[in-house]
Amino acid sequence: MDNSVLLKVNQLKKTFIKKSGTVFNRKKTEVYAVNNVNFEIKKGEILGIIGESGCGKTTTARMVMRLMEESSGEILFEGNNLCTIKNAETNRLRKNMQMIFQDPYDTLNPGMRIVDILMEPLNAHEKNLPSNEKLKRVIEAIESIELKPAEDYLYRYPHQLSGGQRQRIAIARAVILKPSFIAADEPTSMLDVSVRAGILNLLLDLRKKMGLTMLFITHDLSTASYMCDRIAVMYQGRIVEIGPTKKIIQSPSHPYTIALVSVVKDLNYFIENREKLILDGEVDSTRKDTGCTFVTRCPHQEKVCHSKAPEIEALGNGHAVACHCHSNWLEKTS
Amino acid sequence: MSTVLSIENLSTFFKTDKGIVRAVEDVTFSLEEGEMLGLIGESGCGKTTVAQSILRLIEYPGKVVSGKVILNGKDLLKATDDELYSLRWKEISVIPQSAMNALNPVYTVGDQIIEAILLHEKVSKSEAVKRTKTLLELVGIDGERQKSFPHEFSGGMKQRVAIAMALACNPKLVISDESTTGLDVLTQAQVIALIKNLQKKMNLSVILISHDLPMVTAICEKIAIMYAGKLVEWATTEEILNNPKHPYSKALLNATPNLSDPDREVVSIPGSVPNLVNIPKCCRFHTRCPYAFDRCLNESPELREVTPGHYTACFLEGDKNG
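Since we're looking at a predicted model, the values are computed, not measured.

Some details on the packing of helix H4 (residues 109-120) of chain B against helix H5 (residues 125-138) of chain B
All names here are of chain B. Close contact between H4 and H5 brings their axes to 9 Å; oriented N to C, the two are set at 120°. In terms of orientation, H4 lies oblique with respect to H5. Remark: the crossing between H4 and H5 carries right-handed chirality. Here Gly110, Ile113, Ile114, Ile117 and Leu118 of H4 lie close against H5, whose contacting residues are Lys125, Ala128, Val129, Arg131, Thr132, Leu135 and Leu136. Of the residues assigned to the contact of H4 with H5, the class counts are eight nonpolar, two polar and two charged.

With respect to the interface of chain A and chain B
Opposite the 33 residues of chain A that make contact, chain B presents 33 residues. For the chain A and chain B pair, buried surface summed over both sides reaches about 2900 Å², with 62% attributable to carbon and sulfur atoms. Three residues stand out in chain A for area buried against chain B, namely Ser194(A), Tyr226(A) and Ile271(A), and they jointly supply 21% of the buried area on that side. Where chain A packs against chain B, one counts zero salt bridges. Taken together, chain A and chain B are joined by eight residue pairs in polar contact (both at pLDDT 80 or more). For the side of chain A that touches chain B, the secondary-structure elements that each account for two or more residues are helix H7 (193-210), helix H8 (221-227), helix H9 (245-250), helix H10 (255-265) and helix H11 (267-272) of chain A. Considering every element that reaches the side of chain A that touches chain B, the biggest residue donor is H10(A), with seven residues. Partitioning the side of chain A that touches chain B into residue classes produces 16 nonpolar, nine polar and eight charged.

Digging into the domain arrangement of chain B
Accessible area lost upon the coming together of the parts serves often as the stated size of an interface. Residue and element names in this part refer to chain B. Examined at the domain level, chain B breaks down into domain 1 (3-91 + 171-320) and domain 2 (101-170). The C-alpha-based centres of domain 1 and domain 2 are spaced at 30 Å. The interface of domain 1 with domain 2 comprises 18 residues on the first partner and 16 residues on the second. Taken together, both faces of the contact between domain 1 and domain 2 bury some 1500 Å²; the carbon and sulfur share is 72%. In this assembly, domain 1 and domain 2 are joined by zero salt bridges. Joining domain 1 to domain 2, the criterion identifies three residue pairs in polar contact (both at pLDDT 80 or more). At eight residues, helix H7 (residues 185-202) tops the list of elements feeding residues into the side of domain 1 that touches domain 2. Grouping the constituent residues of the side of domain 1 that touches domain 2 by class yields 11 nonpolar, three polar and four charged.

Reading the values: the criteria
- Residues numbered from 1 in each chain as written.
- Chains lettered and ligands numbered in written order.
- Predicted model: local features only at pLDDT ≥ 70, side-chain atom pairs only at ≥ 80, totals over all residues.
- Heavy atoms only, no water.
- Axes fitted to C-alpha atoms, helices over the stretch in contact; angles between N-to-C directions.
- Helix = DSSP H or I, 4+ residues; strand = E, 2+ residues; numbered from the N terminus.
- Parallel < 35°, antiparallel > 145°, perpendicular 65-115°, else oblique.
- Left-handed = near helix turned anticlockwise from the far one by under 90°.
- Contact = heavy atoms within 4.5 Å.
- Nonpolar A, V, L, I, M, F, W, Y, C, P; charged D, E, K, R; others polar.
- Buried area = accessible area lost by both parts, 1.4 Å probe.
- Salt bridge = Lys/Arg side-chain N within 4 Å of Asp/Glu carboxyl O.
- Polar contact = N/O pair within 3.5 Å; in protein donor to acceptor, adjacent residues only side chain to side chain.
- Domains from an automatic or database assignment.

What follows is the structure, given as C-alpha cells:
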C-alpha cells in the first residue's frame, strides 16, 4: 500500500434487515445502508462525506471506528485490515483513531467531572503513566482546545458548560491520546452559528499542530467546503461523486451534487429551475440492487439507469463520478 | 404597498422562580403587503416568542407586558377571544415548527384540513373536500391522498401538508416558524421554493423565522436580526449584506461559511449569550462586542433609523448621525 495513505476503505458494505408484515406473514427485506463504498484518506488530509440523513455517512464512520461490524469489505488503517484483526489488537489501534460525536449534550457523562472525563482515555490506554503526569496531559489537552485557564474547567460538571464548551471538551477527549486519525460526525450541527465557526477553526488548528488526518461528516456543503481538502458525496449508501473540494463546487458532475451545490450557491436559481434540477421523488432504501439509486429523483435519467447501477468513473485530477449519462447531459446543458 | 402588520415595542416576559426572564423586549418592526421578512437569530433569542406573541399564544408563566401588534389596523393584543377566533386562519396563520409532530396521527390529513375550513368558513362539507383537494395539489401532492394518514407521508410531504393547511382559509399573513428545520438540504430547498412561489402567486405576506442566514438572505426582501430578546437590526436584505450596522450582524455574517468564497476565514463570536433572568439595563451584546464602551454597560440602546429604512440598535451608529 502507498505509504502516504492512512486509511483505505475497499468495497465496504453494510446491510440491515428490515422486518415488516404481520406476525404470521413476516417479511424480511435487506436495506443497503452502505453499498460498495471505496475511498482513501492520505496522511494530513481532511476528507468530507456529505449527504442527506439516512445516506449512510454515519454508518461508514462507525464501521471505520469499529463501533459496528461490516457486512463485507475491508478497512485498511496504517496497513492493518481492521475487519480481520482481533479485538485486543483493535483496542490498541483505537489509541490512534478517535471519534467526535454529534451531540455534545449526550456524549459527556453528566455524573463525571471534566477531569474524570478526560482521564478516561488515559486510564484505558496509558495505564503506566503516573497520575501527576496524567493530570498534566489533561491540562495540556484543555489548553489545546482554547479553554483557558484550564484549572477553571477541571472540576466542573458538563452541565456547567455551554454547548460550544462541551463540544470542545469532546474534542479534547478525542485528541488527548495524540491520535493520528479522527472521525468527526457532524461536530457542529447542534451548535449555534456564532459558536460553530470557533469549533471549525479549532479543528483546522489542531490538524496543523498535530498533523491530524480527518474524516469529516456533515450535511452542510458550505461547512464541508470550508473544512475539507476532498469531498465525497453519498446518496443512499453509495458514493456518487468524489473529488477535490474546488472541483466538486465549481464543476459538479452528478445530478445530485449539482442540485446540492445550486441550493447552497444560489437558492434563487434553484427555486426558478427546480424541475430541471431534481424531481419530487421518494427515497426508498429497500430498493433492489439494480439500477442507479438516484433514478427516482433524477431529471436526466435514461433507460440504462433503471437496469444497471453505474460504476464510479474517473474524470481526472482525482475527480470521479458514478453516473451513466453525465457526459450526455452535461453537453446538453452547457 | 400598505402595511399588513406592524409591531410596536412588543415585550413578553416570563415569570420564573429565579426572576423575570425578559424573553422579548421592545421589539419593533413592520411588514408590507406581499413582503417576505426573515426573522433570524440564534436559538433562545426570542424569535418564536415573538411569533407566539403576535398570535396571542403566550401562556402562563409568560405574559405580553406591553406593546402593540396591529394587523390591518386592529390591535391584536386588545382583541377579544371571539375576534381572535375569526382572525386566526383567515387573516393570519402559522406553518409550525416540525410539521412531523404538528399533524394528528389518528386522522387523515384531509380530515384535518377540512376541519379547519369548516370551523372558520360557512361552506358545505363537499365544498371543503373540493377545496382540500385543490390545496393539496397547490403544494404538489396528489389530491386523492387526502385520505392518507400522516404516517404514510415522508417528512417533506408532511411539511407540504402543513403548508396547505396554513393556506386553507386564504390568509393574508403566514408565519413560518422554522418550518424547514430538520429536513434534508434538498427537501428543505424544495419546501422553501414552494413557500416562495406561493408567496408570489397569492401575494402573501410571510414572516420566515429561521436561523439559517444564507437561506434567508437568498429569498427574503427584508431581514430582522434578533439577539437575546432584542431586535438589533432591521433593513432590506441588500443593506444587511452590504452595509451591516450592528456589530452582532457583522459578526454573524463573518461566522457563516460561504460557498462562493470558501477561502475566507470564518470568525466565531467570543463569549456566550447572556442569561436573560433579571438582566440589567444594558446593551445585551456588550459582553461579546469588540466596540463596547461605558455607555453600553449602563444604558439600553433603542432601535433607531440610521438611514431611510435601515434600523439598528447601537450607540455607535446613533451617535454618528446625531
